[in-house]
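So you can see what is in the structure, the chains are spelled out below.
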Amino acid sequence: PRLNMEPYTKEGLKRSEAMQAAKDKGEAVPDLQPLHPSSYYDYELSGILVHTGTADSGHYYSFIREREPKVPGMPRQWYQFNDTLVEQFNTEDIPKQCFGGTEPITQWDPALQKQVTRIHAKVYNAYMLFYDRVHPEHITHAPNPPITTNAAAGLVPRNIFNVVWEENMKFLVDKNVFDTDYFQFLWGIVTIEGPAPMDIASPGMAPPPSPSRTSPLRTSDTSSSSSSSHEDTAMRSIELGTRFVIETLAHAKEKGAMREYIGHLKTQYSQHLDACRWLLELVVQDNTWVRQMLLHCTIQETRELFEGLLIHVIGCLAAVERGYYMEEDPIDTSQNMDTSAIEGSPALAAGGKQKATHQGVETEVPPTGRPRSLVVRFMDMYVGMLRELHVHWRHFGQYFLVLRDFALMGPQERELLLHRRLPTQLVDFFLGEESPNAKNTQPQKKTRMGDKFASPNLTHMVETLAVLSRGCNTRVGGETTSAGAIRPALQMSVPDQEMMYHIPFYIKLIKESTNLKATGEILAYQCHEDSDFSQLIVHNFNDQINSLDVDKFRPFLEVYAAVLNVDDSLAEERVNTALSGLLKVIDDNLKFKSATFYCLHFLLDATRTNAVVRRWMMSSMDDWVESYVMRMSAGDSREVGMQLVMALLPEIPPMHAPAEVQLAAAGQPMSAETVANLELVNTFLLDRLNTAKQYARPQDPESTKVDVDGYHTNWKLVQYFKLLRWLVRTPAQKAAFAPYQLAYYNLYVHIDSLRIELDENKQELIVYWHIMLENTPEYLLFITQPDRVWNRLFDFFASVKPLERFRNYNNISLPLFYHILQMCGEVNPPFQAALITHRNVDWAMRYLYYETNDYPPVAEALFNIVAKGRDDPTQRQHRIRNLLLERLPLNPFNVLRAAQFFVVDASDCNVFLEMNGMQHLVKFLERQINPEPHVDLDKHLRGVLMALELVNKLAMVLVDASHAPADHPLASSMHELRRRWDGKGATIGVLVQLLESFPGSPQIATLCMSSILSFASLEIECLETALSHLEEYFQERDRLSNQPSRHFPPDGMVMDEGRPTTEAQYYRFVQELAGLVMRIEAPSVQQAAWAVQLALMSAYEAIFCPRAHADGLVPGLRAMWSHPVVGHQMKEDPRLGQWVSTLLTTGGAALEGTNLEFAAAVLSHAVSQSLITPSGQETIMNHYIETLTMLLTMLLPLEQADQSDESVAAYERQVQQLAQIVRLCSVVCTVSEFRGYLSLPPFGGVMQALTGLVDSFASLPPTSRIATLPSVVALPDLVQAFRNQNPGQ
C-alpha cells in the first residue's frame, strides 16, 4: 500500500490554506503546483509492528519487507520476526493478522457438553506502521579519509572498549564451552571406563567415617585415601560428569544429551557411595547447585532431571544411613567452637537448647552435636531453604518434589520429616500471613507468590503433606483402617496435627485449585471415623458453595466427592449432613443457572458411584425430585435432574444408553432391590400428576423464553414424562397406572386446553399415555366411559405449518394420538361411530392426508381410523364426497388409496362418478404418459398402477350395473351417469396411450386392456375409440415400415425369457376387442373394417409368438367369418391370405377339428379370390417339399435311434415334426389349386422317401423301442390317408 504525503507536508499545507482563503474571499483559486513531482511524495509500507495481548501486558512482533530482494529482479518479500521465529509472510494475510476485529473460536462448553463456536475479539492488531519513500533522494557526501584499525579503536572511550572486550571474550569462551563437539568429547571421557564395584555397607554395619569438611575434589594429592586407582578414576569420572551437567549442559540451549548424562550418572552413583557422599557434602556446605538447578532454572525438564538425580543419590545413602537418622555426633565444646557454623545444625539457643525457628515454628533437639547422617544434614539444609522459597515461586515446583519422593522412601524418612515439623512448616509457608503462627513473629515483607497470569506450582507440596498425613494416625487415636493409610502408622506431633486440621488451610488450597486430588486424599483420611472433623468439613464446604461464584466453588465439589466416598461407620451420618446442607444451598440459589447445573452434576456423579449417596437420595426424593425435574427453569438442569432419578436405579440402563446396552439389560432379570426401588420411584412420580399441572404453562420469565421464530423452547414437564416412560420395564408399571387414570386424563385435558403450538409437554404426555393404553383394554374403556367428554379427545389441538419443526413435531405426536383414538374405538363402538364422523377427523383428513405428503405416519394413522367406517355405506360415500380429487397430481398415493378403499359397490361408484372422479383420474393418467426426467420411476409407476386399478374397478362396477334388472335402485341413475359421462373417448385414448407407453410393465398392460374391454362393452363410443386408436397405431407402423412387419404388441412388450410376458395376452385382447363389434346390432362398414383389420393383424403376429398359441385365436376369426357384415369385410381383406398361408406353413401344427376345416375354407377362399397368388401358392408347396426333405434327411438311422433313451427321444421328436408337416400338407391339398404340385418330381421324391420310411417301420422287430413310439405307430396311417386323399397324384 502506498501513501502520498504531499497534502501533509509544509508546502502542501500552505497550498491548501491559500486555496481555501481564496475561496473564502470569493477570489479566483490560484493554480499552485507542488514543488516536486507527485512521485516525490509517494511512500510505501515497509514494516508493521503488531501487539498481541491487553493494554497492560502482551507481546510485540513485526512484519518487515526486504530492503533488497534476495534474488535480483524478483519482488521484495515480507517476513515475520517473532522472537526466534523468522518466516516468510504472505501480504494477503495482512487484513487478517493486523486489522483487529473479531474471529470465530470453537471452544468446549461444559454446560452444553459439546464444542461451541463463539465470536471473540482478536487480541492482536497493528500497533505501528513504517513507510519508506518510493523514490528516495540520493545524497552524496564527501568520502571519509582512510583510517587504520588501531586508530579507529582509539576513538572508542576506554570504559566502553573494556565492556565490549569482556563481552566478546565471554562470548568466545561460551562458544567453545557450549560446542556440541565438546559435549561429545566429554561424554567419551565420562564413559571411557566402567565404574568400580559398589561398596555399600549394610544397615547393620558401622557407618563409614564422615567425609572431610574441606573440598572433596579428588586430585592426585588425595589419591592415597582411595582403595585403588580404579576407584579414584571412577570418582573423578562421576565428579567430572556431575559438574559438567550442572555447570555447563544445564545452561546450554540444546539439552538433548542431558537425559542420557543423568541416566549414566545415576548408574555410577548407584555403585559408588563415596561419590554420593561427595555430592551431598558439597551441596550441604554450599547449596548453590540446589538453588541454581531447582529454583533458578527456567526449564522444567531440566529441574525434573536434576531432582531425579538428587533423590537417587539420597536413596543410595539412605539405604546405609537410615538406621542412625536420629543420632548425632558429639560437639567438642573445649575448643570453643561456634556450633552455628556446623553445617545443617540448628543454632544453639541461650537456654542451652538447640532451636530451629521459622515464623513461630520451633523444633527443640538436644544440644549434643550435628546429625551423624549426611542425608539428615542435607534434609535439614534443604528444609531450611523454605525461608527464601517464596522469592522463587515461578520455578520451585520440583523443590517440593524432592520432599515428596524422600517421604515415599520409607517410614524412617517420614519420621525424620515429622521430627523436623515439616507439616507445620509447609502449611505455614503456604498460608503466609494467614497462618495461625504469623501472630507469634515479627511481620516480614515477603514477595507475593503468583500474579494474574501464573500461580505457584504447589502440586508436590500438597502431595508431600498427603504422604505424611496418611502415614500417621489421625487425631481420633489408634491405627486407622482407612483405605488411604500408609503403613506403618507414625504419630504426628500435636502442633503438626493442629496445622493439618486447620480448616482455612484447606479452604485456600481448594480455592486456588492446588492439587485437588491430593487435598481430597488428606481430607478423606482425616475424616475417617472423625465425626467432628467430618461435620466441620461439610459445613464449611456448603458455606463456600453457597457464597462463591460457580467458577470458584467447582473445585470444592471435586474434593467433596472424596470426602463423601469415605468408607467408615460414619458414612451415613456424613452423607446425610453433607447432602441435606447441599440441597438447601441448591434450593436457595436456583436463580443461578450455571451454579445449579454444576451442583446437580456433582450429585449425579456421586449418586452413580456411591451406594450410600444413592440410598440417601432415594430416601429423600420428597426434598428434590419435583424441584430438579419439574420446577427448575433451566432445561439443561432439569435434564440433569432426570438423569439423577435414573441414577437411583443403576441396574437399568439410562435412557440415552446405546441400543445394544438396552437390549442386553432387557434380557437380564432385575434384583429384588431394584424391583422394589423401581416401584417406589414409579409410584412417587405418578403421585405428582396433580402437581404437574402448575408446570404445564410457561409462567416465569425463564419459561416464557422463545426462539427467533417466536416459539416456546422451555417445557418443564418433558423430563417428567420421559422418566415415567423410562420406568416402564415390567407389566407391574402398567398395573400401577390404574389408580392414576383420571388424574392423567385431567392433566391431558388441562395441557391440551392451553392450545400452545409445538407443546413438547403434550408430546411427551402422549408418548407415555400410548404406552400405558396399548394392549390394555380396561384403560381404554375407562377414558371412553359415557361420563367422559369425548369431544375433549376429538378436539385435540394440532397446528399444521409448512415448517420443518412442525413436520417433526406432528410426525411424532399425531400418529400416537390417532392410534390411541383408534384403540378406543375398537373397544367402544359408540365412541368409534362418533369419532369417524367428527368434524376434526374430516379436518385432519383434508390437511394432513390429502393436502400434503409431509406426514406419512400421520396419514397412515388417520387412514386406520376412517377405515373403520368402510362397512357403512353412508360412511363410505361421505369419504368419497370428501376426496380432494384436485390434489391428485400432488399427492396421488393418499388420494388414490382412499378412493380405492371406499369405492366398493355400484352406489359408491355412482357417488364417485358424480364427483367427476373419472375425469380427474383420466387427467392424472394423461400427465403420467410423458414423465419428467427427474421423476422417481418406481413412484411414478406406483401412481399409475393405483390409478389404473381404480379405473378398472370402476369399469367392472359399471359393467356389473349394466347387467342389473331395470327395477334395480341404481339402474336409472347409473344409466344417466353413463349418458352424461363426458370424455368417454378421451378415457379410452389415454388407456391406449398408456398401453403403448409402458410396454415393460405387465401390470399396467393388464389393467389397461381389462379397462378398455370393460368400457368398450358398455359404450359403442368407447369401442370405436379403442378400435380407431389401435388402427391408427397400426397404420403409422405400416407407413414407417413400408413392408409387411409385426405391429403388435407395442415395442418392448415382449419380455426376456424367464420374465412375465403380456404378448399373448395382448393378442387375445385385440381379438376380443374386435369381437365386440359383432355384438353391435348393425355394425357399420367402418366398425367391421377396424375389427377385421385388428383381428387379422393380431392373428398373423401371434403365429410368431410361441407363447401366444396362435391356433387359440382361430375360433374368434371363425366367428367373424360367419358374421354377415364382419365376415364380408374379412373375406375382402388381403391380410386374410397372408394369415392363413403363414398359419399353415409356420404355426398351425396344432390345427385340428373345426379349426382345421376353417383354415381349409379360408385357404380355398383366398385362392379363389386371388388373395394368394400363383407364386404364393408355389411358395407354400415349396415350403412343404423343402421341410419334408430336410426332416427326412435329418432322421437318425433306425439302428442308431434304438440304442439309448436320448436317441429314442430325439427320434420321436423328429417323427412328430414330420407328421405335423404331412398333416398340414394334407389340409393345403384339399384345395384343388394345390393338387397339381403333387405330381411334380420333387414331391414324388418326397413321397417315395416317406413310403420307404413307413416300410422300414413295418420291418422293425417287436422288441424295438422305436416300433412302440406313438408317432411311429401313427405315421403310416397318416401317410396312407394323404395318399387316399389324392389318389390321382
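Residues numbered from 1 in each chain as written. Predicted model: local features only at pLDDT ≥ 70, side-chain atom pairs only at ≥ 80, totals over all residues. Heavy atoms only, no water.

### Some details on the overall build of the protein
Thinking step 1. Scanning the protein from terminus to terminus reveals 59 helices and ten strands.
Thinking step 2. The buried share of the protein, taken over its 1289 residues, is 48%.
Thinking step 3. Taking the intrachain contacts of the protein between residues at least 6 apart in sequence as the baseline, contacts between residues at least 24 apart amount to 72%.
Thinking step 4. Total accessible area on the protein is roughly 62,800 Å²; 53% of this is exposed by carbon and sulfur atoms. (Helix = DSSP H or I, 4+ residues; strand = E, 2+ residues; numbered from the N terminus. Buried < 20%, exposed > 50% of the residue type's maximum accessible area, 1.4 Å probe, protein only. Contact = heavy atoms within 4.5 Å. Areas by Shrake-Rupley, 256 points an atom, 1.4 Å probe, with all protein chains shown as cover.)

### Looking at the packing of helix 21 (residues 571-588) against helix 22 (residues 593-609)
Thinking step 1. Contact pair helix 21 / helix 22: the axes reach a minimum separation of 10 Å and the direction vectors enclose 155 degrees. Judged by the angle between their axes, helix 21 and helix 22 are roughly antiparallel. Taken as a pair, helix 21 and helix 22 cross one another with a handedness that is left-handed. Across the interface between the two elements, Leu579, Leu582, Leu583 and Ile586 of helix 21 pack against Thr596, Cys599, Leu600, Phe602 and Leu603 of helix 22.
Thinking step 2. Grouping the amino acids of the contact of helix 21 with helix 22 by side-chain chemistry returns eight nonpolar, one polar and no charged. (Axes fitted to C-alpha atoms, helices over the stretch in contact; angles between N-to-C directions. Parallel < 35°, antiparallel > 145°, perpendicular 65-115°, else oblique. Left-handed = near helix turned anticlockwise from the far one by under 90°. Nonpolar A, V, L, I, M, F, W, Y, C, P; charged D, E, K, R; others polar.)

### Quick word on the nonpolar core
Side chains of nonpolar character tend, in soluble globular proteins, to be buried together.
Thinking step 1. By size, the foremost hydrophobic cluster in this structure holds 356 residues, and its most contacted members are Phe378, Phe400, Leu603, Trp769, Tyr818, Leu1073 and Trp1139.
Thinking step 2. Among the elements that take part in this core, helix 43 (residues 937-962) stands out by supplying twelve residues, more than any other.
Thinking step 3. Excluding residues within four positions of it along the chain, leucine 1073 makes contact with Ile1012, Leu1013, Ala1016, Leu1023, Ala1026, Leu1027 and Leu1030.
Thinking step 4. Residues Leu45, Ile48, Trp78 and Tyr124 belong to the second largest nonpolar core, which totals ten residues. (Core = buried A, V, L, I, M, F, W, Y, C linked by side-chain atoms within 4.5 Å.)

### Some thoughts on the packing of helix 25 (residues 635-647) against helix 29 (residues 718-726)
Thinking step 1. At a minimum axis distance of 10 Å, the contact between helix 25 and helix 29 shows a crossing angle of 20 degrees. As judged from the angle between their axes, helix 25 and helix 29 are roughly parallel. The hand of the helix 25/helix 29 crossing is right-handed. Between helix 25 and helix 29, the contacting residues are Gly635, Arg638, Glu639, Met642, Val645 and Met646 on the first element and Gln719, Lys722, Leu723 and Trp726 on the second.

### Observations concerning the environment of asparagine 808
Thinking step 1. Structurally, the position occupied by asparagine 808 is in helix 35 (residues 804-827).
Thinking step 2. Since its relative accessible area comes to 40%, asparagine 808 is described here as partly exposed.
Thinking step 3. Residues asparagine 808 and aspartate 854 lie 46 residues apart in sequence; the distance between their C-alpha atoms is 9.5 Å.

### As for the pairing of strand 4 (residues 78-82)
Thinking step 1. Of all five residues making up strand 4, four are buried, and the element is well covered by its neighbours.
Thinking step 2. Looking at chain direction, strand 3 (residues 57-65) and strand 4 are connected through four bridges and run antiparallel. Along strand 4, the bridge assignment pairs phenylalanine 63 with glutamine 80.
Thinking step 3. As judged from the five bridges shared by strand 4 and strand 5 (residues 85-89), these two strands associate in the antiparallel manner. Across the sheet, residue tyrosine 79 finds its bridge partner in strand 5, namely glutamine 88.
Thinking step 4. Hairpin connection between strand 4 and strand 5: a loop of two residues separates the two successive antiparallel strands, and aspartate 83 in this loop has a positive phi of roughly 55 degrees. (Pairing = 2+ DSSP bridges.)

### Examining unusual backbone geometry
Thinking step 1. Even without being glycine, serine 513 reaches a positive phi, approximately 55 degrees.
Thinking step 2. Mapping serine 513 onto the fold places it in the loop between helix 17 (503-511) and helix 18 (516-527).
Thinking step 3. With relative accessibility at 41%, the residue serine 513 sits in the partly exposed group.
Thinking step 4. A positive phi angle, near 60 degrees, is found at glutamate 529, a position not held by glycine.
Thinking step 5. Mapped onto the elements of the fold, glutamate 529 is located in the loop between helix 18 and helix 19 (531-547).
Thinking step 6. Residue classification places glutamate 529 among the partly exposed positions, given a relative accessible area of 33%.

### A word on the pattern of salt bridges
Thinking step 1. Applying the stated criterion across every chain yields a total of 43 salt bridges.
Thinking step 2. A salt bridge links arginine 65 to glutamate 44; its shortest N-O distance comes to 3.2 Å. On the criterion of sequence distance, the pair formed by arginine 65 in strand 3 and glutamate 44 in strand 2 (residues 42-54) is long-range, its members being 21 residues apart.
Thinking step 3. Residues lysine 762 and aspartate 752 are paired through a salt bridge, measuring 2.9 Å at the closest nitrogen-oxygen approach. (Salt bridge = Lys/Arg side-chain N within 4 Å of Asp/Glu carboxyl O.)

### Some thoughts on helix 36 (residues 829-836)
Thinking step 1. For helix 36, the set of buried residues is Phe831, Gln832, Leu835 and Ile836. Seen from one end, helix 36 has its buried residues packed into an arc of 120 degrees, which puts them on one side. Residues of helix 36 that are exposed and point over 90 degrees away from its buried face: Pro829 and Pro830.
Thinking step 2. Looking at the buried side of helix 36, the elements it contacts are helix 34 (790-794), helix 35, helix 37 (839-850), helix 38 (856-866) and helix 39 (873-881). (Arc of directions from axis to C-beta.)

### Points about helix 17
Thinking step 1. In terms of residue burial, helix 17 counts as a mostly covered element, since seven of its nine residues are buried.
Thinking step 2. Those residues of helix 17 that sit buried are Ile503, Phe505, Tyr506, Ile507, Lys508, Leu509 and Ile510.
Thinking step 3. Contacts from the buried residues of helix 17 go to helix 14 (422-431), helix 15 (459-470), helix 16 (494-500), helix 18, helix 19 and helix 20 (550-564).
Thinking step 4. Looking at the residues trailing helix 17, positive phi occurs at serine 513, about 55 degrees.

### Topic: the side chain of glutamine 877
Thinking step 1. Here glutamine 877 shows up in helix 39.
Thinking step 2. If we ignore the near neighbours within four places in the chain, the residues touching glutamine 877 are Ser907, Asp908 and Val911.

### As for the packing of aromatic side chains
Thinking step 1. Tallying each qualifying case throughout the model produces 44 aromatic pairs.
Thinking step 2. Arranged with centres 4.8 Å apart and planes meeting at 75 degrees, the rings of tyrosine 501 and phenylalanine 533 form a pair that is edge-to-face. Here tyrosine 501 is found in the loop between helix 16 and helix 17, whereas its partner phenylalanine 533 is found in helix 19, with 32 residues between them in sequence. Both residues of the pair, tyrosine 501 and phenylalanine 533, count as buried. (Phe/Tyr/Trp six-rings, centres within 6.5 Å; stacked < 30°, edge-to-face > 60°.)

### Examining the environment of glutamine 643
Thinking step 1. With respect to the secondary-structure elements, glutamine 643 resides in helix 25.
Thinking step 2. In the structure, glutamine 643 is positioned 76 residues away from glutamine 719 in sequence and 9.2 Å away in space, judged by C-alpha atoms.
Thinking step 3. Filtering out sequence-adjacent residues up to four positions away, glutamine 643 remains in contact with Leu604 and Arg608.
Thinking step 4. Separated by 3.2 Å, the side chains of glutamine 643 and arginine 608 make a polar contact. (Polar contact = N/O pair within 3.5 Å; in protein donor to acceptor, adjacent residues only side chain to side chain.)

### A few points about a nonpolar patch on the surface
Thinking step 1. A cluster of nonpolar side chains, contributed by Tyr60, Tyr127, Met128 and Phe130, occupies part of the molecular surface with about 430 Å² of accessible area.
Thinking step 2. When residues in the nonpolar patch are grouped by element, the largest group, three residues, is from strand 8 (residues 124-133).
Thinking step 3. In this structure, tyrosine 127 sits in strand 8. (Patch = residues over 30% accessible without salt bridge, like charges linked within 9 Å, V, L, I, M, F, W, Y side chains within 5 Å.)

### Quick word on the confidence of the model for the protein
Thinking step 1. Across the protein, pLDDT averages 83, with 86% of residues at or above 70.
Thinking step 2. In this model, residues 334-361 is a region of pLDDT below 50 whose contacts with residues beyond four sequence positions or in other chains number 64 contacts.
Thinking step 3. The low-confidence segment residues 1050-1061, where pLDDT is below 50, has 27 contacts with residues more than four positions distant or belonging to other chains. (pLDDT = per-residue confidence, 0-100.)

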